[in-house]
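Overview (structure and organization)
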Amino acid sequence: MPPAAHLLIAPILLPLFAAALMLVLNERRRWLKRAISLSTLAALMAVAIALLIAMAAPGSTPVAYRLGDWPAPFAITLVVDRLSALLLLLAASIGLCSSFYAIARWDRAGPRFHALFLLLLMGVNGAFLTGDLFNLFVFFEVMLAASYGLALHGAGVERTKASLHYVAINIATSLLFLVGIALIYATTGTLNMADLSQRIPMLGGEDLVLLESGAAILSIAFFVKAGMWPLGFWLTPTYAAAAAPVAATFAIMSKVGIYAIIRLSALAFGPASGLAAGFANEWLITGGLATMAFGTIGMLAASRLTGIAGSYILISSGTLLVAIGAGSPFVLTGALFYLVSSTLGTCAFYLLIEPVERAADPDGGAVPSQAEPAFEDDEPGRLAEDESDDEDEIGIVIPATIALLGSAFIICALLMAGLPPLPGFLAKFAIIDGLLRALPEMAATGWITLAAILISGLATLIAMTRAGINLLWVPVDRPQAHLRVVEAVPIGVVLALCLALVIGAGPALGYMKAAATSLYDPVRYTDAVLNPAHQPEERTR
Amino acid sequence: MEIILALAIGIITTSGVWLLFRPRTFQLAIGLSLLSYAINLFILAMGRLRMDAPPVVDKAVPVDPAAFADPLPQALVLTAIVISFATTALLLVLLLAARGLTGTDHVDGAEKPETKP
């Protein structure tokens with residue numbers, strides 16, 4: 001086995017070892033820890049890029065990595081295909097930007113921030129790479145355990161209360177996850193996803209009913225993670241209470257649930273899986289539409305930026321669920337593009353919230369306040385007062401910070417609402433294009449989905465415009481707001497990534513189309529796992 | 001055997017779910033622990049119940065799969081126990097922190113939701 005083949009396990013081992021090393025170091029050696037964390041994340045990004053390039057080659061097949069070289073259905077396998085490579089890169093870029101942003105102040109708010117942060121990424125990467133259901137559970141737990149610590153990072157009453165709900169819900173959900181796994185094992189005798197996709201077509205009768213109930217219970221765990229209505233009420237308060245860089249990284253966490261649904265629905269319940277094919281599609285569509293409706297209402301009702309961001313996550317989860325439920329490779333292509341652009345958008349927005357709220361805070365934002373609303377309903381009164389205060393000035397000089405924040409805010413708004421020229425628009429366009437192609441099969445649901453996508457975009461635009469006017473345009477008698485370079489750079493980088501996604505939209509969409517098509521043709525995936533003889537690098541060690 | 005196990009799982013799950021919906025954090029912790037016991041039994045049962053059969057294959061004698069218990073659910077249960085142990089410990093710390101910060105053991109951090117600040 002050439003050394004390059006071991007690259008596949010690096011996204012799991014690198015953060016694990018770096019986090020272990022950091023636990024040994026004294027908490028006072030902050031710069032050393034920051035250096036370790038950032039260099040690990042940079043290395044993760046390099047690994048992800050290498051895997052992505054390998055997968056982007058035309059005709060490339062998924063690559064399996066068997067731990068300890070045990071034969072496939074029994075061993076723990078890691079599999080990388082186009083989808084996993086893409087999501088690995090997304091996780092690494094978001095992790096790098098959030099971690100960099102945390103240097104400004106948040107990593108000093110409590111102990112072991114960087115170690116927990118790397119463990120979270122280890123869980124996320126593991127979930128993207130694993131080839132069997134039980135390890136998916138284990139990596140989910142790694143991710144969740146780290147996220148409990150991170151959600152509490154910075155302490156405080158609000159965080160503790162929100163985290164209590166978050167932890168309780170996720171422990172209960174993990175138990176459902178186990179029930180689902182046990183039922184699937186009982187009916188098929190395997191937990192290897194490639195093996196599952198071969199055995200499920202042979203099932204029938206009682207076993208099929210049991211298997212479908214198992215898969216349904218399992219999906220509840222993923223739906224809770226993705227925040228599907230009515231399982232997503234925990235999401236907005238938890239993300240709102242979390243520290244800014246933590247919330248920005250949690251943006252990728254809700255996509256792990258989506259990833260698991262995509263993977264399972266394509267592998268185990270794809271068109272080739274006999275009687276079980278597409279058994280959950282109507283549920284995905286109904287749940288997705290309900291989530292979008294709930295997110296849209298929440299978006300319009302939100303009085304704080306964190307509320308808008310939380311609702312946006314719900315809307316994007318809903319859109320993705322509907323798109324998966326449509327069960328067409330064309331829609332899935334758009335959905336993958338949407339997944340990437342909306343995750344980047346959410347990440348940038350969560351990072352942006354803190355400086356924007358600080359700039360709008362009359363005290364100059366010495367302490368980031370989590371409890372106060374950013375603006376109130378009696379805003380017009382305040383507006384009038386402020387205008388009378390400013391009358392003796394001739395015009396108002398726009399400070400550089402506000403200009404920077406304002407333009408970043410506008411870009412975020414365009415991105416989230418899905419307006420051209422940003423990738424949000426291209427993503428929605430691709431989904432809608434796919435839906436129009438799939439209309440003959442979807443009939444009325446297709447039109448309802450189209451309407452829901454457009455209305456949720458409109459609601460996002462309204463909410464963002466209102467918040468932007470209130471926070472950035474309303475003249476407030478305040479000292480010069482300050483934006484630190486360490487904070488500005490990661491926001492800029494995430495937004496630049498979005499711009500890069502527009503400029504490289506052709507190749508990116510081509511790659512995602514290949515990813516979506518190969519998802520619906522699981523033979524290559526199962527071949528890579530179960531018949532490794534086809535692969536050039538077979539022998540290990 | 002099957003009926004006893006099924007009853008046990010059912011009773012523990014019922015108690016766990018009931019406790020889960022109670023307003024006190026301690027009840028929540030106990031409810032989640034009970035639920036995790038029930039789920040562990042359930043996983044074990046999903047590997048088919050076998051009495052007096054070893055899960056580990058002896059290489060010296062020819063292997064007859066019918067003579068062995070399924071080792072995989074046992075391995076899964078072990079992992080699940082460790083994980084739920086860790087998360088329950090974390091939950092307990094969180095309960096104490098919430099009790100200290102809010103001064104109440106209500107899950108919402110306030111005695112009545114209507115009187116929330």
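Residues numbered from 1 in each chain as written. Chains lettered and ligands numbered in written order. Predicted model: local features only at pLDDT ≥ 70, side-chain atom pairs only at ≥ 80, totals over all residues.

The subject of this paragraph is the overall build of chain A. Per the secondary structure count, chain A includes 20 helices and two strands. Buried positions account for 57% of the 541 residues belonging to chain A. For chain A, long-range pairs separated by at least 24 residues make up 81% of all intrachain contacts whose partners lie at least 6 apart in sequence. (Helix = DSSP H or I, 4+ residues; strand = E, 2+ residues; numbered from the N terminus. Buried ≥ 20, exposed ≤ 12 C-beta atoms within 10 Å, placed from the backbone. Contact = placed C-beta atoms within 7 Å.)

All names here are of chain A. Where helix α12 (residues 305-325) contacts helix α13 (residues 329-360), the two axes come as close as 10 Å, and the packing angle between them is 175 degrees. Accordingly, the angle class assigned to the pair α12 and α13 is roughly antiparallel. Considering only residue class, the contact of α12 with α13 consists of 16 nonpolar, six polar and one charged. (Axes fitted to C-alpha atoms, helices over the stretch in contact; angles between N-to-C directions. Parallel < 35°, antiparallel > 145°, perpendicular 65-115°, else oblique. Nonpolar A, V, L, I, M, F, W, Y, C, P; charged D, E, K, R; others polar.)

A word on the nonpolar core. All names here are of chain A. Counting residues in each nonpolar core, the largest one holds 219 residues, and the members touching the most others are Met143 and Ile181. The element that contributes the greatest number of residues to this core is α13, accounting for 20 residues. Each of domain 1 (1-270) and domain 2 (280-364 + 398-523) gives at least three residues to this core. Not counting the four nearest positions on each side in its chain, isoleucine 181 is found in contact with Leu133, Phe134, Phe137, Leu191 and Leu218. (Core = buried A, V, L, I, M, F, W, Y, C linked by C-beta atoms within 7 Å. Domains from an automatic or database assignment.)

Cis geometry is adopted by the peptide bond preceding A:Pro230, which originates at A:Trp229 and carries an omega value of 0 degrees. Relative to the assigned elements, A:Pro230 resides in the loop between α8 (205-226) and α9 (235-241). In this chain, A:Pro420 is followed by A:Pro421 through a cis amide linkage whose omega measures 10 degrees. Topologically, A:Pro421 is positioned in the loop between α15 (400-417) and α16 (423-442). The phi angle at B:Arg48 is positive, at roughly 70 degrees, despite the residue not being glycine. Topologically, B:Arg48 is positioned in the loop between α2 (25-46) and α3 (71-102). Taking the number of C-beta atoms within 10 Å as the measure of exposure, B:Arg48 has 10 and is therefore exposed.

Right, let's get into the pairing of strand β2 (residues 77-80) of chain A. Residue and element names in this part refer to chain A. Alternating residues of β2 divide into Thr77 and Val79 and Leu78 and Val80, and every residue in both groups is buried. Sheet topology places strand β1 (residues 63-66) next to β2; four bridges connect them, and they run antiparallel. Each bridged residue has a counterpart across the sheet, and for alanine 64 the counterpart in β2 is valine 79. (Pairing = 2+ DSSP bridges.)

Many structure descriptions define interface size as the accessible area lost when the parts assemble. Counting from both sides, the interface comprises 24 residues of chain B and, opposite them, 21 residues of chain A. Elements with a minimum of two residues in the side of chain B that touches chain A: α2 and α3 of chain B. Element by element, the count of residues in the side of chain B that touches chain A is highest for α3(B), at 13 residues. Split by residue class, the side of chain B that touches chain A holds 19 nonpolar, five polar and no charged.

Residue and element names in this part refer to chain A. Running from N to C, α13 and α15 point in directions that differ by 150 degrees, and their axes come no closer than 9 Å. By the angle class used here, α13 and α15 are roughly antiparallel. Along this stretch, α13 crosses α15, giving a crossing that reads as left-handed. Within the contact between the two elements, α13 uses Ser341, Gly345, Ala348, Phe349, Leu352, Pro355, Val356 and Ala359 and α15 uses Thr401, Ile402, Leu405, Ala408, Phe409, Cys412, Leu415 and Met416. Of the residues contributing to the contact of α13 with α15, the split by class is 13 nonpolar, three polar and no charged. (Left-handed = near helix turned anticlockwise from the far one by under 90°.)

Moving on, we get to helix α5 (residues 133-151) of chain A. Because each turn of an α-helix spans 3.6 residues, side chains separated by three or four positions end up pointing in the same direction. Under the 1.5 Å per step criterion, the end-to-end length of α5(A) is 26 Å for 19 residues, consistent within 8% with the ideal 27 Å. A large share of α5(A) lies buried, amounting to 19 of its 19 residues. (Expected span 1.5 Å × (residues − 1).)

Right, let's talk about the domain arrangement of chain A for a bit. All names here are of chain A. On domain assignment, one finds that chain A holds domain 1 (1-270) and domain 2 (280-364 + 398-523). Each partner contributes residues to the interface: domain 1 has 43 residues there, and domain 2 has 41 residues. At the level of elements, α3 (82-102), α8, α9 and α10 (244-267) are the ones that each hand at least two residues to the side of domain 1 that touches domain 2. Top element by residues in the side of domain 1 that touches domain 2 is α10. It accounts for 14 residues. Looking at side-chain class alone, the side of domain 1 that touches domain 2 contains 30 nonpolar, ten polar and three charged residues.

All names here are of chain B. Per-residue pLDDT for chain B has a mean of 85; in total, 95% of the residues score no lower than 70. The least confident element of chain B is α3, whose mean pLDDT is 88; the most confident is helix α1 (residues 2-20), at 93. Interface confidence for the predicted complex, expressed as ipTM, amounts to 0.90; the pTM equals 0.87. (pLDDT = per-residue confidence, 0-100.)

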